[in-house]
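Chain and residue survey
What follows is the residue order along each chain.
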Amino acid sequence: MRNNIYVGLVHYPVYNRNGETVATSVTNFDIHDISRTCRTYDIKKYFIITPVDAQQELTNRIINYWVEGDGIEFNKNRNEAFENTDLEDSVQSAAEMILKAEGKMPKIITTSAKIFPNTVSYAELGKEIVEDESPYLILFGTGWGLTEEIMNMSYKILEPVRGKTKYNHLSVRSAVSIILDRLLGEN
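These lines cover the structure that appears in this document, whether it is placed above or below. For every chain, the first residue of its written sequence is number 1, and the numbers climb from 1 along that sequence. Note on the predicted model: pLDDT of at least 70 is required for a residue's local features to be given, and 80 or more for side-chain atom pairs to be given and counted; whole-chain, interface and lining totals, by contrast, use all residues. Hydrogen atoms and water are omitted, and side-chain values are computed over all heavy atoms in the structure.

1. Examining the packing of aromatic side chains
Here is the rule: Centres within 6.5 Å make a pair out of two Phe, Tyr or Trp rings, where for Trp the six-membered ring is used; the pair is then stacked when the planes are under 30 degrees apart, edge-to-face when over 60, and tilted otherwise. Only DSSP runs of H or I reaching four residues or more are called helices, and only runs of E reaching two or more are called strands; each is numbered from the N terminus. A simple rule labels every residue: compare its accessible area, found with a 1.4 Å probe on the protein chains alone, to the largest value its type can have, and call it buried under 20%, exposed over 50%, or partly exposed in between.
Taken as a whole and judged by the stated rule, the model has three aromatic pairs. Seen from their ring centres, Tyr 6 and Phe 47 are 6.1 Å apart, and the 10 degrees between their planes marks the pair as stacked. On the criterion of sequence distance, the pair formed by Tyr 6 in strand E1 (residues 5-10) and Phe 47 in strand E4 (residues 45-49) is long-range, its members being 41 residues apart. Residue classification places Phe 47 among the buried residues on the basis of a relative accessible area of 2%.

2. Overview of the layout of surface pockets
Applicable threshold: Put simply, the grid is 1 Å and covers the protein atoms alone, a cavity is a trapped set of points that fit a 1.4 Å probe, a pocket is an open set with protein on both sides within 12 Å along at least five of seven lines, and lining residues have an atom within 4 Å of a point. Grid points are joined across faces, edges and corners, and a volume is the space filled by probe spheres set on the points. Only Asp, Glu, Lys and Arg are considered charged in this grouping, and only Ala, Val, Leu, Ile, Met, Phe, Trp, Tyr, Cys and Pro are considered nonpolar; every other residue, Gly among them, is considered polar.
Roughly 780 Å³ of volume is contained in the largest pocket. Forming the boundary of the largest pocket are 27 residues, of which Ser 112, Ala 113, Gly 143, Trp 144 and Gly 145 lie nearest the centre. Of all the secondary-structure elements, those providing two or more residues to the lining of the largest pocket are strand E8 (136-141), helix H7 (148-151) and helix H8 (172-184). Per element, the largest residue contribution to the lining of the largest pocket is three residues, and it comes from H8. Looking at the lining of the largest pocket residue by residue, the class counts come to 15 nonpolar, nine polar and three charged.

3. What about the nonpolar core?
Considering soluble globular proteins, one finds that nonpolar side chains tend to be buried as a cluster. Keep this limit in mind: For this analysis, a nonpolar core means a set of buried residues of the types Ala, Val, Leu, Ile, Met, Phe, Trp, Tyr and Cys, connected via side-chain atoms within 4.5 Å. Working rule for contacts: check all heavy atoms of both residues, and any pair within 4.5 Å makes them a contact.
Ile 43, Leu 125, Phe 140, Leu 158, Leu 180, Leu 183 and Leu 184 are the most contacted members of the largest nonpolar core, which totals 32 residues. At the level of secondary structure, the elements contributing two or more residues to this core comprise E1, helix H1 (28-40), E4, helix H2 (53-67), helix H6 (122-131), E8 and H8. Broken down by element, this core gets its largest block of residues, six residues, from H8. Not counting the four nearest positions on each side in its chain, Leu 183 is found in contact with Tyr 122, Leu 125, Gly 126, Ile 129, Ile 138 and Leu 158. In this structure, Val 10, Val 14, Phe 47 and Ile 49 belong to the second largest nonpolar core, which totals 15 residues.

4. Re the environment of Met 105
Counting through the fold element by element, Met 105 comes out in the loop between helix H5 (91-102) and strand E6 (107-111). Residue Met 105 is classed as partly exposed on the basis of its relative accessible area, which comes to 44%. In sequence terms Met 105 and His 32 are 73 residues apart; their C-alpha atoms lie 27 Å from each other. Setting aside residues up to four positions removed in sequence, Met 105 forms contacts with Ala 95, Leu 99 and Pro 135.

5. Things to note about the pairing of E6
Keep this limit in mind: In short, DSSP must find at least two bridges between two strands for them to pair.
Within E6, four of the five residues are buried, leaving the element largely enclosed by the surrounding structure. The pairing of E6 with E8 spans four bridges and is classified as parallel. The partner of Ile 109 across the bridge, within E8, is Ile 138. Sheet topology note: the E6/strand E9 (residues 156-158) ladder contains three bridges and is parallel. Considered in E9, the bridge of Thr 110 is made with Ile 157.

6. Some remarks on unusual backbone geometry
In this model, Tyr 12 is joined to Pro 13 through a cis peptide bond whose omega is 0 degrees. Mapped onto the elements of the fold, Pro 13 is located in the loop between E1 and strand E2 (14-15).

7. So, H1
Put simply, the rule is: By definition here, a helix of n residues has an expected span of 1.5 Å times n minus one.
Taking 1.5 Å per residue as the helical rise, H1 with its 13 residues ought to reach 18 Å, and the 18 Å between its terminal C-alpha atoms agrees with that figure. When H1 is considered as a whole, its buried residues turn out to be Asp 30, Ile 31, His 32, Ile 34, Ser 35, Thr 37 and Cys 38. Against the buried residues of H1 lie E1, E4, H2, helix H4 (76-82), strand E5 (85-88) and H8. At the C-terminal side of H1, Asp 42 shows a positive phi close to 55 degrees.

See below:
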């Protein structure tokens, strides 16, 4: 499996239901569940992206509990999942961390519930990822989605996850699991 795939959960800048740019709250579920999913699919680093000091403080306390605190003895599997979970202030700072680690900027892949001109299928991107040695940063949005500024940074945009109904409001942690499995799963 590739060893230079990164995931970012963007809490800012994202839209709210009124189309305004906001910062959303980091949730305990997203920290835990996405860390575990990223470990399962051998993601090199899971970045929780927020510039909000209070959210960073809370997130650091949770991560440190499992990596340095009592959580190590309580649940070793959770400790292992959190070893590659980190905080960044922005998408740009996450990309710069990848540049420092990999020696080149990542190809940014974004996700959306909408179709764009550079939308790509899971099969097409999965094949590309396997054949291309470039680092990839797959971004997931919170709230009502990634802002136009972030979408414009993307190399490609993954097709939406769709069920068999018109309802399309998966939790981000469910979407991360589905998308990583479609891109990097056994098949």
